[in-house]
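# Working through the structure, step by step
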Amino acid sequence: MTELIFALIVIAGLMALAMHRSQLLTWALFVGAVTFVWQSGLLWGQFHFPLHGFFSFLLWLPTIILGLLSAPRIRRNFLIKPAYELVRKILPKVSETEQQALDAGTIGFDAQLFAGSPDWDKLRAIPKVELTPEEQVFLDGPTEQLCAMIDDWQVRFQEKEIPADIWKFVCDHGFLGMLISKEHGGLGFSAQAQSLILVKVASRSADVATIVMVPNSLGPGELIEKYGTPEQKEYYLPRLAQGKEIPCFSLTGPTSGSDAATMRDVGYVTRGQFEGEEVLGIRLTWDKRYITLGPTASLVGLAFYLFDPDSLLNGGKGEDVGITVALIPADHEGVNIGRRHLPSGSGFPNGPNWGTDVFIPMSWIIGGEERVGQGWRMLMECLSAGRAISLPSSATAGTKAMLRVTTAYARIRKQFGLPVGKMEGVEEPLVRIAEAAYVNEAARGVTAALVTRGEKPAVISALMKYQTTERLRQAVNDAMDIHGGRGICDGPSNYLQSAYQMVPVGITVEGANILTRTLITFAQGALRSHPYLYSEVQAAQDPDPETGLYAFEDAFLSHLSFSLSNVAGALFHNVTMGQFANAPERAGTRTHYFRQISRQAKNFALVSDLTIATLGAGLKTKQRITGRLADALSELYLACCVLKRFEDDGAPPADLPIIELALRNCLYKSQNALDGTIENFPSMPARILLRWLVFPFGRPYRPASDAVGHQVAKLVLEPGEVRDRLTNHIFISTDPDDATGLLEHTLTKVIASQEAEKKLDKAVRAGKIRRYHGIDWFAKAAEKGILTESEAQLLAETERLVARVIAVDHFDPAEVKPNYMLPGHNVKTAMTPQDE
């Protein structure tokens, strides 16, 4: 028993040293004390001098080694320097574009998750979703008016174009200048306001949201505001803010999609004629495609690779100058623009542009000559913030719109004598939509608040982009399944098809989800957000080996203690089921979830750290592993946002089932992602160690139960505060002549008439009333005293409304002939045999 107690004390002491990241000298003293007590015989009540024999020397060897390594000079010569030289040899050099991408964004809460120690006070300190009075007035006024103007069928089918009155309204009210400061004629809104405006517009029309989104995301306006010359700011920003210039930004080309840095678009510094004078400029050749707003743009932002073979630039930048960004008027000689792509059959303008040997003056470079070669850094800095707002906002709008219309339809539509939403088979996808709507909005609000206070969260923006759009994809598919034939038959009354068409666009743009998940979120994110890895890389690549060695020593020793802390912390919290993990004060019933997220964050830190150490330079090639780790990180971040939103909403008790649903599923998915990583880890010893540390008693988390899902389904099927809170900030029509307004209007009638309907149904089952076409069963029921006159009238009105809700559109064949196949239209590729 004495030996067992002693062993437990030793294990506890070692874990405490590791978890508290103790100094090497402290380790040496502790190990020495343990060795002394063991060898001296004090455990058995007798004492003798401990050091004798070779075996005793071996027992003291760890103490000796730790003691020697405590001496800085010895440690540096025998541990740090060999490690430093090894890392310098095996570490691939970070390319210039990679370095610029890493330097572009900021780190914040993501770094705490990588460190395995989320700071709950800092999470709570992130501002709530709040707008200034001016922003709120704009959201409730012009934004609401814009939504009411939109006819989605007109946009995406009849015209395949944004109507002129919509364009005029957007330009006149400053929608294109939300990012531009008031000083330069813009609205100067916060990121939170931009996000909520996009949410409302996107909930009405993804096409119209796109023309608002793009100028306020990665585009000329933001680039000029941040990097432009005073002359460029003075001339262009007011014109962009007022819609006098329609901008597009040309980055993607046929050979440079996700790998945009490999673009072949090229410019050479030369002298040429411009407005009758010989000036220093650039001769450009480019070929771009997928450029949103391109066909209607008056101002083209263009990214290209610049060379200076004759050394004409000031400052000696060399021949290979680098990626540069220019502003080119769309009507400039040699610019070919105006043709259109048809992205998923949508109506927003998108198309290619190209040019050959087009001369532009140096003054058209954004920022002028001093900004040549800085284009990639400029783009990455803007993208780090923009990607956190645009697509997450539109995806959030989509999930909430799917929830709003699908809950109404599922409550209105009956089969087998009951609303389809109350059937268990339909409950399952309905609950998934509700979860997606809550989680997306929670994460959108937190992330927009981060950007509003000046952060550029590169890692968070990447995970937000792919997670919110993937949740939208699932929500749209679930909504289509629940609507059945009502969803697949297109027409003016179909409110699902627009989202269904646009989902692949959101999945693809601003970094395709496959790339974003497997290469950006974790593979690049680890280098940026890991507490010590980036410092080690920078030290290893320092051109001065001596300076690099000292910097490497600090980072390397901190990394070692961090790794030991992860091992001990993960084992401790997993053995104790997270009961001692960190949780904030005043968490109430949510304390359990705060602790489980802290526990899972420690597991993530352990697995990701060992993955980095094991794979090293091969990390980017193991994309299934990095993709799973991106999923694990994402689910932790989303879970944190769910807790934050619940508290910001005032912790409404009615939302507790939704919170439980979301948090249990986030923890379950994060656990499964780590489990998949461990199961496929390339090193068997590491695989065994990780499974023992992370899952000592098996996988602890299970998905939310059917009972919880049933509670959520009941909540969202009834009009009220919960349904309204889950679909807040979107455009909601109550106009019976509008497709979605008809749903809302009919739902209120269905709820109001449900008691009368029960009477009628009972009479039908008893054979007292026959319910077939050609019979006025409401009048018959009133005649027989089954219903009152007012009840019969209400049911008749409700019946007419329900018939309109479930009806589908049909057309004369001539009406649906595609307008791009009409005579006179030139389709450049994919011609039919008859055309040939």
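Residues numbered from 1 in each chain as written. Predicted model: local features only at pLDDT ≥ 70, side-chain atom pairs only at ≥ 80, totals over all residues. Heavy atoms only, no water.

Secondary structure summary: the protein contains 32 helices and 9 strands in total. Here the C-alpha atoms of the protein give a radius of gyration of 32 Å, agreeing with the 28 Å that 2.2 N^0.38 yields for 836 residues. Counting only C-alpha atoms and orienting by the principal axes, one finds that the protein spans roughly 110 × 90 × 55 Å. Here the protein, with 836 residues, has 54% of them falling under the buried criterion. A sequence separation of at least 24 residues applies to 76% of the contacts in the protein between residues at least 6 apart. (Helix = DSSP H or I, 4+ residues; strand = E, 2+ residues; numbered from the N terminus. Rg over C-alpha atoms; globule rule 2.2 N^0.38 Å. Buried < 20%, exposed > 50% of the residue type's maximum accessible area, 1.4 Å probe, protein only. Contact = heavy atoms within 4.5 Å.)

Another point: helix α23 (residues 591–615). Taking 1.5 Å of rise per residue, 25 residues should cover 36 Å, and α23 covers 36 Å from first to last C-alpha, within 8% of that figure. Of all 25 residues in α23, 20 are buried, a share of seventy percent or more. Following α23 by one or two positions, Gly-616 has its phi on the positive side, about 55°. (Expected span 1.5 Å × (residues − 1).)

On to the nonpolar core. Residues Phe-522, Phe-604 and Tyr-637 are the most contacted members of the largest nonpolar core, which totals 117 residues. Examining the composition of this core, we find that 14 residues originate from one element, helix α24 (residues 623–648), more than from any other. Excluding residues within four positions of it along the chain, Phe-522 makes contact with Phe-114, Phe-604, Ser-608, Ile-612, Leu-619, Thr-626, Leu-629 and Ala-630. By size, the runner-up hydrophobic cluster in this structure holds 46 residues, among which are Ile-166, Ala-193, Val-201 and Ile-389. (Core = buried A, V, L, I, M, F, W, Y, C linked by side-chain atoms within 4.5 Å.)

You can see Gln-671 is positioned in helix α25 (residues 656–679). When the C-alpha atoms of Gln-671 and Arg-702 are compared, they prove to be 9.3 Å apart, with 31 residues separating the residues in sequence. If we skip the residues at most four places from it in the chain, Gln-671 touches Gln-600, Phe-695, Arg-699, Pro-700 and Tyr-701. Reaching out from Gln-671, the side chain makes a polar contact with the backbone nitrogen of Tyr-701 at a distance of 2.7 Å. (Polar contact = N/O pair within 3.5 Å; in protein donor to acceptor, adjacent residues only side chain to side chain.)

Moving on: the pairing of strand β7 (residues 350–361). Of all 12 residues in β7, 9 are buried, a share of seventy percent or more. Here strand β3 (residues 277–292) pairs with β7 via 9 bridges, running antiparallel. Residue Ile-291 lies in a different strand from β7, and its bridge partner there is Gly-351. Here 2 bridges tie strand β6 (residues 336–337) to β7, and the two strands are oriented antiparallel to one another. Directly across from Ile-337, in β7, lies its bridge partner Asn-353. (Pairing = 2+ DSSP bridges.)

Here the focus is unusual backbone geometry. Residues apart from glycine generally show negative phi values, whereas peptide bonds are mostly found in trans. With a phi close to 50°, Arg-21 is a non-glycine residue in the positive phi region. Mapped onto the elements, Arg-21 comes out in the loop between α1 (2–19) and α2 (24–40). The exposure class of Arg-21 is partly exposed, given its relative accessible area of 29%. Of note, Ala-651 is a non-glycine position whose phi angle comes to about 50°, a positive value. Within the fold, Ala-651 resides in the loop between α24 and α25. With relative accessibility at 27%, the residue Ala-651 sits in the partly exposed group.

This part covers the packing of aromatic side chains. Taken as a whole and judged by the stated rule, the model has 18 aromatic pairs. Note on Phe-114 and Phe-522: the rings are 5.8 Å apart at their centroids and 20° apart in plane angle, and the pair reads as stacked. Placement of Phe-114 in helix α6 (residues 109–114) and of Phe-522 in helix α20 (residues 513–529) is noted, with a sequence separation of 408 residues between them. Residue Phe-522 is classed as buried on the basis of its relative accessible area, which comes to 0%. (Phe/Tyr/Trp six-rings, centres within 6.5 Å; stacked < 30°, edge-to-face > 60°.)

For His-559, the location among the structural elements is in helix α22 (residues 545–575). His-559 sits in the buried class, given a relative accessible area of 10%. Apart from the residues lying within four places of it in its own chain, the contact partners of His-559 are His-530, Tyr-532, Glu-536 and Asp-609.

Right, let's get into the packing of helix α8 (residues 133–149) against helix α11 (residues 191–204). The interhelical angle for the contact between α8 and α11, taken along N-to-C directions, is 20°, at an axis separation of 10 Å. The angle between α8 and α11 falls in the class roughly parallel. Here the hand of the crossing between α8 and α11 comes out right-handed. Residues Glu-135, Phe-138, Leu-139, Thr-143, Glu-144, Leu-146, Cys-147 and Ala-148 of α8 form the contact with α11, whose participating residues are Ala-193, Leu-196, Ile-197, Lys-200, Val-201 and Arg-204. (Axes fitted to C-alpha atoms, helices over the stretch in contact; angles between N-to-C directions. Parallel < 35°, antiparallel > 145°, perpendicular 65-115°, else oblique. Left-handed = near helix turned anticlockwise from the far one by under 90°.)

Across its 12 residues, helix α27 (residues 706–717) extends 16 Å between first and last C-alpha, which sits within 8% of the 16 Å expected from 1.5 Å per residue. Among the structural elements, α15 (375–412), α16 (424–452), α25 and α28 (721–726) are those in contact with the buried residues of α27.

Right, let's talk about the pattern of salt bridges for a bit. Within the structure shown, the criterion is met by 43 salt bridges. Asp-478 serves as the salt-bridge partner of Arg-432, at 2.8 Å between the closest nitrogen and oxygen. Linking Arg-432 in helix α16 with Asp-478 in helix α17 (residues 458–483), this pair joins segments that are 46 residues apart in sequence. On the accessibility criterion, Asp-478 (2% relative accessible area) is buried. With its nearest N and O atoms 3.6 Å apart, the salt bridge here joins Glu-721 to Arg-725. One end of the pair is Glu-721 and the other is Arg-725, both in helix α28 and 4 residues apart, which spans about a single turn. Arg-725 sits in the buried class, given a relative accessible area of 16%. Beyond isolated ion pairs, a larger network of salt bridges with shared partners links Arg-404, Arg-723, Asp-724 and Glu-744. (Salt bridge = Lys/Arg side-chain N within 4 Å of Asp/Glu carboxyl O.)

One can find Glu-222 in helix α13 (residues 220–227). Judged by relative accessible area, which is 7%, Glu-222 ranks as buried. A distance of 3.0 Å separates a polar atom in the side chain of Glu-222 from a polar atom in the side chain of Lys-226. Not counting residues up to four positions away in its chain, the partners in contact with Glu-222 are Leu-179, Ser-217 and Cys-382.

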